[in-house]
Every structure is written in structure tokens, then in C-alpha cells.
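# Results of the structural survey
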Amino acid sequence: MKTYKLIVRLIAYIKEMAKVDLAEVIRTFGDALMTKIKLSPQQIKVLYNITSCKTPILGKHKEEVCDSCGTTIYHYNSCGDRHCPKCQHSKQVKWIAKLEKETLPVKHYHIVFTVPHILNAICLWNDTLFYNILFKSVWATLKSFGYTNYTVESGAIAVLHTWGQNLSLHPHIHCIVPAAGINFKGEWKHIGKNDKYLYPVKQLSSIFKGKFLYFLHKKLRKHNQQGFEIQINKAYKTRWVVYSEAPLSGVKQIIKYLGQYTHRIAISNQRILGIENQKVKFLSKDYRDNATVKKAQLDGYEFLRRFIQHILPKGFMRIRRYGIYNATTKRNLKLQFKQEKSDFDILLEKKELEELKTEQPKIHRCPVCKIGKLITVRTYPRIRAPPKHLPTLLRSSFK
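Quantities reported herein were computed from a predicted structural model and do not represent experimental measurements. (Residues numbered from 1 in each chain as written. Predicted model: local features only at pLDDT ≥ 70, side-chain atom pairs only at ≥ 80, totals over all residues. Heavy atoms only, no water.)

Further remarks concern the side chain of Asp21. Here Asp21 lies in the loop between helix H1 (2-17) and helix H2 (22-36). In terms of polar contacts, Asp21 uses its side chain to reach the backbone amide nitrogen of Glu24, at 3.0 Å. Once residues lying within four places of it in the same chain are set aside, the contact partners of Asp21 are Lys86, Asn269 and Ile272. (Helix = DSSP H or I, 4+ residues; strand = E, 2+ residues; numbered from the N terminus. Polar contact = N/O pair within 3.5 Å; in protein donor to acceptor, adjacent residues only side chain to side chain. Contact = heavy atoms within 4.5 Å.)

What follows is the structure, encoded as C-alpha cells:
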């Protein structure tokens, strides 16, 4: 009976490990993608990293054995790529922990700046230029409103997203803006209209539209790209949308909320349901129907073609800090965001540290039998693989 249960659990474990993820989609349809489209070196590198992540290709760093059923578990190295769905959680946790020490203890507003789809052709022509102008226009708008409405130097933490729920190209920036700023006398000043809204949304939309199109038109003329004049003229006639949410209270709530946006990628493994008849099935929110989660499907090639649109240029910063949240501004104005700890907080921290020291090490249960403990029998040094031709390596992983 015990043997039968063990076999059942082993089968369930194998099925869980065999679940379709983004890497499996790339292995299945990557060849068709590379045949039809010439990929950039950055896109090839990202696709290779995703297919290699936590597989024997990158090597292993630990070997564990269950003391009950004897199953051997290998822990393979991760790729660490920011586009990989398997490598984002730990980065997000570290980023949130660091941000907790650097966030103002005030309410924050969530503001989202979007650009119309008519400009997507320009984004595909030069994504680095387009995204830099988007960041520049967002902060120029927020900074001007801070000075004209409250005469303060405000701040913002801005996060770039480039996708919609169906993987379409939809560049937009999420901003967390504190309800406080520094005036010309170097004094802190509370901002916001009765804690209900920060700036008038319609005015924000109008000013953001003007600044973005002005900066974009200027850059296009510099690059001698008058062919995009049609898109620019249509964008001037289009209604632009800036979304603003009610203020968030509590530093931890703010950071937790922002953490949802910082290390997201175009699609997570949890949203991918499977592959059937050369189509990829996945979950998608329909915001036109009260954000109802629905099943969607795309041809495998089209799914990957949309995904690679969201691979950012090498070294591009998708999370940026402005104003009083910028390191240079904080240093020049000698700003200190940390509050003095009370005696109670100091005692509480001491008690937590003592508990951590006396806490028993966490027991890792076997994922197969769910009973035994995993015992580390061997660790491996991290090694660097010799450089090879990436397109060839990527093609070798395809089915």
C-alpha cells in the first residue's frame, strides 16, 4: 500500500514538473520564429537564458536525498535574466526590503501614464529612444505640476511596462508619487487635495501629451525620420489617458503594492495553460469586462513574436527614481527619510534577532513522498560555461 501511494505521488510530481511553461513554448515554436524573423543578439540571448534556466545546461549547485523514499533532487542554477519568469521572485523580495528603508512615511498616489497605440510603429523602430522619451515626459509632467500646484520639488518611483494582457505592445509607466515635497526654503510640505487626489487627471493628460509629442517630434527630426509625421499628427488628435488612484496609506502597504509592478514580465508561467493544436492557451484579464479573467489563445509563432517585443535593450533601466527619491537629489538636499526609532521598536528588533538565533533550521520536505526530509549530500561550485555561438545553442534546444 505504501509503495502504491509513493508511485502515485511520484507520478503527480512528474506531471507537475512537466507542466507547460514559457521555456517549453520557446522550445516548441522557437524554430518557426527564428525562420521567419531575424532576431537581435539580445533577443537570442534572452530566449536561450529562459530555455536553459534551472536545467542541466547551466549546471547544478546542490544535491539532496530524501531520508524516507530515497528520491534524489538536484538543484540547478538559474539564469538570472530579468525577462525570465523563474528568476523574478527573489529579486522582488530583495528590492522591496531595500525600498522599505528609503520610502517616505507618507501617503502615496498611484498614477499610470499611457501612450496611444498609433505610436507603436515608432516604438518598434527604436524602442530605446521611445522609452527614454516616455520616462522624460512623465517626470517633466509630474515635476511641473509639483511646482505650479504646490511650489515643491516632488518625487516619484517610475516603473516601465510594455505589454497588455494579450501580449500586445502597450507601453505605459506606473508611478508612485509621495504626498509630500520640499519647498524653496528647504522645508517639508504636504501635497494633495483633501487626501483625495494629487493633480487634476485631465490636465495631467493634456500636459503629458504635449510634452511627449514635442520631445518625440524633436528626436525624429534629428534622426531625419519625417516618415512618422502621419502617426504624430494622428496622436495629437487622439485622446490620451492618465489614470490616478486614491492615495495609499502605510509604508509597507505602498511598497507591497509597488512590488506587484516592479519585477513583472510580459507573461508568467502561472498564466500559461498549455499547448494544443499549435496554439498556446493562457489566462488573460479583460479590462473591458470588469477585469474578468478569461481563457485566450494565440498561434505559437504569434505568441513568441509578441513576447520578443517586450525584451528590453541591454542595460536599459526600467525602474527609475526622480526628484526627492533620486539619490543625487537626496544627497544635494541632504534629505533623511528614516524616522527615529522609539524604545519599543528597538526592544522589538532585539527580541526578533534573538528569536532568529534560537530558531530551528527550516525542514525541507520531499516533494515526492511529502513525508521525508531532504538531506544535502553534496554541493557544487558555480562554474562559468565557455562561450559558444548562441544562435546554434538556442536552436539545439528546440524540439
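The next point concerns the environment of Ser78. One can find Ser78 in the loop between strand E2 (72-76) and helix H4 (89-100). Separated by 23 residues in sequence, Ser78 and Thr55 place their C-alpha atoms 8.0 Å apart. With residues near it in sequence (within four places) discarded, Ser78 still touches Cys53, Lys54, Leu58 and Cys87.

Moving on, we get to the packing of aromatic side chains. Think of a pair of aromatic rings as described by two things: how far the centres are apart, and how the planes are tilted against each other in angle. Under the criterion given, the structure shown has 16 aromatic pairs. Ring centres 5.6 Å apart and planes at 70 degrees place the aromatic pair Phe208 and Trp240 in the edge-to-face group. On the criterion of sequence distance, the pair formed by Phe208 in helix H7 (residues 201-222) and Trp240 in the loop between helix H8 (229-237) and strand E8 (242-244) is long-range, its members being 32 residues apart. Residue class for Phe208 comes out buried when judged on its relative accessible area of 0%. Each residue in the set Phe113, Phe130, Tyr131, Phe135, Phe208, Phe212, Trp240 and Phe316 is aromatic and connected to the rest through ring pairs, giving one cluster. The aromatic ring of Phe215 is capped on one face by Lys136, whose charged end is 4.3 Å from the ring centroid. When the ring centre of Phe316 is taken as reference, the NZ or CZ atom of Arg320 above it lies at 4.9 Å. (Phe/Tyr/Trp six-rings, centres within 6.5 Å; stacked < 30°, edge-to-face > 60°. Buried < 20%, exposed > 50% of the residue type's maximum accessible area, 1.4 Å probe, protein only. Lys NZ or Arg CZ within 6 Å of the ring centre and 35° of its normal.)

One non-glycine residue with positive phi stands out, namely Lys54, at about 55 degrees. You can see Lys54 is positioned in the loop between helix H3 (41-52) and strand E1 (60-66). In this structure, Ala291 takes a positive phi of about 55 degrees despite not being glycine. The partly exposed category is assigned to Ala291, whose relative accessible area is 30%.

This next bit is on the sheet that holds strand E11 (residues 292-299). Each strand in a sheet pairs with another by means of backbone hydrogen bonds, the pair being arranged parallel or else antiparallel. Taken in spatial order, the 3 strands make up an open sheet running E9-E10-E11, and their pairing is antiparallel. Each end of this open sheet is capped by a strand with a single partner; those strands are strand E9 (272-276) and E11. The sheet shows a mean angle of 30 degrees between the axes of neighbouring strands, taken without regard to direction. Seen against the sheet, H2 touches E9 and strand E10 (279-286) and runs at an angle of roughly 20 degrees to E9. On top of the sheet, helix H10 (residues 300-308) reaches E9, E10 and E11; it is set at about 110 degrees to E11, its chief contact. (Pairing = 2+ DSSP bridges. Axes fitted to C-alpha atoms, helices over the stretch in contact; angles between N-to-C directions.)

Moving on, we get to the packing of H2 against H10. As a packed pair, H2 and H10 sit with axes 8 Å apart at the nearest point and diverge in direction by 90 degrees. Classified by the angle their axes make, H2 and H10 are roughly perpendicular. Packed against H2, whose contacting residues are Leu22, Val25, Ile26, Phe29, Gly30, Ala32, Leu33 and Lys36, the element H10 presents Gly300, Tyr301, Phe303, Leu304, Arg305, Phe307 and Ile308 at the interface. Broken down by class, the residue content of the contact of H2 with H10 amounts to 11 nonpolar, 2 polar and 2 charged. (Parallel < 35°, antiparallel > 145°, perpendicular 65-115°, else oblique. Nonpolar A, V, L, I, M, F, W, Y, C, P; charged D, E, K, R; others polar.)

Relative to the helices and strands, Lys19 resides in the loop between H1 and H2. Spatially, the C-alpha atom of Lys19 lies 9.9 Å from that of Gln270, the residues being 251 residues apart in sequence.

Applying the stated criterion across every chain yields a total of 0 disulfides. With no disulfide partner, Cys87 has as its closest neighbouring cysteine sulfur the one in Cys53, 3.5 Å distant. Note on Cys87: relative accessible area 6%, which makes it buried. (Disulfide = S-S within 2.5 Å.)

With that out of the way, let us pick up the pattern of salt bridges. Evaluated as defined, the whole model comprises 10 salt bridges. The residue Arg395 makes a salt bridge to Asp31 at a minimum N-O spacing of 2.8 Å. You can see Arg395 sitting in helix H13 (residues 390-396) and its partner Asp31 sitting in helix H2, a full 364 residues away along the chain. According to the relative accessible area criterion, Asp31 is partly exposed, its value standing at 35%. (Salt bridge = Lys/Arg side-chain N within 4 Å of Asp/Glu carboxyl O.)

From the geometry alone we can't say anything about function, so treat these as descriptive.
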